[in-house]
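Architecture at a glance
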Amino acid sequence: MSKDAVVAGIDIGSSKICALLGEVQREGRVHVLGVGVVPSKGIRRGVVVNIEQAVEAISAAVAKAERASGYKIVSAYVTVSGAHIASLNNRGVVGVAGEERIIREEDVQRAVEAARVISLPADRQIVHVIPRSFVVDGQDGVHNPAGMAGYRLEVDAHVITGGTTAIQNMARCLSRAGVEVAGLVFEPLASAAAVLSDEEREMGVALADIGGGTTNLVAFMEGSVCHTSVAPLGGGHVTNDIAVGLRTPLGSAEELKLAAGQALYAEVAPDEVVRIPGFGGGGSEVSRRRLCEIVEARLEEVCTAIAGEVVRSGYDGLLPAGVVLTGGVAETPGIETLAQEICRLPVRTGRPHGVSGLGDLARGPGYAAGVGLLLWGAQAEYSPAAAASVGKPVPTGRADGRRAVLAKSAGRVGVWLRSFLP
Ligand SMILES: Nc1ncnc2c1ncn2[C@@H]1O[C@H](COP(=O)(O)OP(=O)(O)OP(=O)(O)O)[C@@H](O)[C@H]1O
Ligand SMILES: [Mg+2]
């Protein structure tokens, strides 16, 4: 890998689109060079619903990040989300080829490839094949089989699939914005890369990214992904409830939520009032408690969905590191306490770390996915095989020989990136 490799990430959300560029330094560390954020358009609940609008918004975010960094984004890692995402566990088996029956990285990669063999309808495609653990000649629980002796190597993998149409529409938007997809990353996996520690992953943890239109969850156990899910619920629903409940335009409802919203209405003083702008001018006053009651009711539903997924994962009671919240909604005051009461697990808010040069703009939990894309890209660039063998979430799409380039706008060619396509 060249010293000044540059990676780009574009987090395409229902509320905002965030493009980031980062320089990959030694050991996969990333220094952020530029960030561009614009309000999302043409995306609903994680999927493209209006190509023209989405292209315009993506282009605007890309242009901002390019201006900030002095680089041109030709290829980027991109988040994928939405109700079309599904997951299953599968096993891949291969014979060990080498003369002395010593398992090599190539054998590990072949086993992971074998786990891709599942019958899928024509309208679905694989997004990730994430190794969970390996079995060598019947001995299970192996984390890194490379270097071990054996005849038969098996991998238990978590396979994430997505709807081909939704993915193609996203890729079309990016292509029209002049960006090639270097790799797709299921949104909470990207967020996890930016906020979780190795220890949390090892002990057992669930990460829930609560965005504008979706709540995406990923659970880790013994260092690897054990469960993923998507729920079509997010902060946009809270805003909508406020608009309907207090009879105010959506824009005012969003402003009220950000200025005075809080997840535990009982903690708000009963005499506090907020001003509610009405339709067509005018307005009224309402107690802040009433506003927060609406916020709490919807966030209770979101947290109940998260708790339900933790139970469905089969690991409830086995996640000592609890739940980590990311996404813009994780900024809501009091949400940690509410989630803790409902999930009956420790809850913390995850802010992106592990990169340098991140300005104030992108420090909140809503930027975890964007920052995670850079880390994901850096890790894939640095050592995809090593990362896969320790069960870290790396893109495992087939490298089909296609390559993408990030060129510096000054005309100097940047670096060639390995292209991981789904
Ligand atoms: N300080 C805050 N308090 C409460 N809610 C907030 C705050 N900041 C952002 N939000 C809410 O978070 C949501 C946006 O979150 P985020 O930016 O993670 O969404 P997204 O990634 O665009 O959407 P998605 O991932 O669902 O497609 C919006 O509903 C917004 O109102
Ligand atoms: Mg998001």
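First things first, this report covers the structure right here in the doc. Within any chain, residue numbers begin from 1 and follow the written order of that chain's sequence. As they are written, the chains are lettered A onward and the ligands numbered 1 onward, keeping that order. Thresholds applied to this predicted model are a pLDDT of at least 70 for local features of residues and 80 or more for the giving and counting of side-chain atom pairs; totals over whole chains, interfaces and linings are not thresholded and use all residues. Remark: hydrogens and water are excluded; side-chain values derive from all non-hydrogen atoms of the structure.

Moving on, we come to the packing of aromatic side chains. Centres within 6.5 Å make a pair out of two Phe, Tyr or Trp rings, where for Trp the six-membered ring is used; the pair is then stacked when the planes are under 30 degrees apart, edge-to-face when over 60, and tilted otherwise. As enumerated under the stated definition, the model contains zero aromatic pairs in all. Between Lys16 and the ring centre of Tyr367, over which it is positioned, the NZ or CZ distance is 4.9 Å. One cation-aromatic arrangement involves Arg201 over Phe220; the distance from NZ or CZ to the ring centre is 5.2 Å. Any Lys NZ or Arg CZ that is within 6 Å of a ring centre and within 35 degrees of that ring's normal is treated as a charge sitting over the ring.

The next thing to look at is the pattern of salt bridges. A side-chain nitrogen of Lys or Arg and a carboxyl oxygen of Asp or Glu constitute a salt bridge if their distance falls within 4 Å. The tally for this structure, following the rule as stated, stands at 19 salt bridges. Linking Asp156 and Arg91 is a salt bridge whose minimum nitrogen-to-oxygen distance equals 2.8 Å. Of this pair, Asp156 sits in strand E10 (residues 152-163) while Arg91 sits in strand E7 (residues 86-95); the two residues are 65 residues apart in sequence, bridging distant segments of the chain. Asp241 is paired through a salt bridge with Arg298; the nearest N and O atoms lie 2.7 Å apart. Within this pair, whereas Asp241 is found in helix H6 (residues 235-246), its partner Arg298 is found in helix H8 (residues 288-312), the two being separated by 57 residues in sequence. Put simply, DSSP H or I for four residues or longer makes a helix, DSSP E for two residues or longer makes a strand, and each gets a number counted from the N terminus.

Here we come to the packing of H6 against H8. Axis geometry follows a simple rule: fit a line to the C-alpha atoms, using only the stretch in contact for helices, then measure angles between N-to-C directions, giving values from 0 to 180 degrees. Where H6 contacts H8, the axes come no closer than 9 Å and their chain directions differ by 140°. Comparing their axes, H8 and H6 come out oblique. Of the two elements, H6 crosses H8, and the hand of that crossing is right-handed. Contact residues: H6 offers His237, Val238, Asp241, Ile242, Gly245 and Leu246, while H8 offers Arg290, Leu291, Ile294, Val295, Arg298 and Leu299. Classifying every residue of the contact of H6 with H8 by side-chain character gives seven nonpolar, two polar and three charged. Roughly parallel covers angles under 35 degrees, roughly antiparallel covers those over 145, roughly perpendicular covers 65 to 115, and oblique covers all other angles. What makes a crossing left-handed is the near helix being turned counterclockwise from the far one by less than a right angle; a clockwise turn instead makes it right-handed. Residues count as neighbours in contact if any of their non-hydrogen atoms are within 4.5 Å of one another. Side-chain classes are defined by residue name, with Ala, Val, Leu, Ile, Met, Phe, Trp, Tyr, Cys and Pro counting as nonpolar, Asp, Glu, Lys and Arg as charged, and the others, Gly among them, as polar.

Our next topic: the pairing of strand E16 (residues 283-287). Following DSSP output, two strands are said to pair if at least two bridges run between them. One ladder, built from five bridges, connects strand E15 (residues 273-277) with E16; its direction is antiparallel. Note on E16: the bridge partner recorded for Ile276 is Ser284.

One non-glycine residue, Glu222, lies in positive phi territory at about 50°. Within the secondary structure, Glu222 sits in the loop between strand E13 (215-221) and strand E14 (224-231). For Arg344, which is not a glycine, the phi torsion comes out positive at approximately 55°. In this scheme, a residue with accessible area under 20% of its type's maximum is buried, one over 50% is exposed, and one in between is partly exposed, where area comes from a 1.4 Å probe on protein chains only. We classify Arg344 as exposed; its relative accessible area is 73%.

What follows covers the site of ligand 1. If you check the shell around ligand 1, you find 19 residues, and the closest are Ser14, Ser15, Glu254, Lys257 and Gly328. The backbone of Thr214 places a nitrogen or oxygen atom 2.8 Å from an oxygen atom of ligand 1. Throughout this description, a polar contact denotes any pair of N or O atoms lying within 3.5 Å of each other; where both atoms belong to protein, one of them has to be capable of donating a hydrogen while the other can accept it, and for residues adjacent in sequence the pair is counted only when both atoms sit in side chains. Between ligand 1 and the protein, one listed contact pairs an oxygen atom with a side-chain N or O atom of Lys257 at 2.6 Å. To measure how exposed things are, a 1.4 Å probe is used in the Shrake-Rupley method; for residues, cover is taken only from the protein chains shown. Surface burial for ligand 1 is 87%, taken as the share of its 660 Å² of free accessible area covered by protein chains. Distances are taken per atom, and a residue is near a molecule or strand as soon as one of its heavy atoms is within 4 Å of it.

Let us look at the side chain of Thr326. Within the secondary structure layout, Thr326 lies in strand E17 (residues 323-326). There is a polar contact of 2.9 Å between the side chain of Thr326 and the side chain of Asp209. If we skip the residues at most four places from it in the chain, Thr326 touches Ser191, Val195, Leu207, Ala208, Asp209, Ile210, Gly350, Pro365 and Ala368.

This brings us to the nonpolar core. In this description, a nonpolar core means a group of buried Ala, Val, Leu, Ile, Met, Phe, Trp, Tyr and Cys residues linked to one another through side-chain atoms lying within 4.5 Å. If you look at the biggest cluster of nonpolar residues, it comprises 73 residues, and the most contacted ones within it are Ile10, Ile12, Ile73, Leu174 and Leu189. Among the elements that line this core, the one with the most residues is helix H10 (residues 368-382), at nine residues. If we skip the residues at most four places from it in the chain, Ile10 touches Ile17, Cys18, Ala19, Val62, Ala76, Tyr77, Val78, Thr79, Leu174, Val179 and Leu373. Counting residues in each nonpolar core, the second largest holds 40 residues, with Leu217, Val274, Val323 and Ala339 among its members.

Here Arg290 shows up in helix H8. Relative accessible area serves as the criterion here: at 34%, Arg290 is assigned to the partly exposed category. Put simply, Arg290 and Leu246 are 44 residues apart on the chain and 8.9 Å apart in space, counted from C-alpha to C-alpha.

In this section: the packing of helix H1 (residues 51-69) against helix H3 (residues 164-176). For any two helices packed against each other, one specifies the crossing angle of their axes together with the interaxial distance. In the contact formed by H1 and H3, the axes pass within 9 Å of each other and the chain directions differ by 50°. Taken together, the axes of H1 and H3 lie oblique to each other. In the crossing of H1 with H3, the sense of the turn from one axis to the other is right-handed. The segment H1 lies against H3, with Ile51, Glu52, Ala54, Val55 and Ile58 engaging Asn169, Arg172, Cys173, Leu174 and Arg176. Considered class by class, the residues forming the contact of H1 with H3 number six nonpolar, one polar and three charged.

Spacing of three or four residues puts side chains on the same side of an α-helix, whose turn is 3.6 residues. Every buried residue of helix H2 (residues 105-114) is listed here: Asp107, Val108, Ala111 and Val112. In an axial view of H2, the angular spread of the buried residues amounts to 140°, which keeps them on one side of the axis. The elements touched by buried residues of H2 are E7, strand E8 (124-136) and E10. Throughout, the arc means that of the directions going from the helix axis to the C-beta atoms.

What follows deals with the sheet that holds E7. By definition, the strands of a sheet pair up through backbone hydrogen bonds, in either a parallel or an antiparallel sense. Strands sit in the order E7-E10-E8-E9 across an open sheet of four strands; the sheet is antiparallel. Across the chains shown, the open sheet's two edge strands, defined by having one partner strand only, are E7 and strand E9 (139-142). Each adjacent strand pair in this sheet contributes to an overall mean axis angle of 40°, direction not counted. In this structure, E8 lies alongside E9, joined through two bridges in antiparallel fashion. Counterpart to Phe134 in the pairing with E9 is Val142. Taken strand by strand, H2 contacts E7, E8 and E10, and its axis lies near 135° from that of E7.

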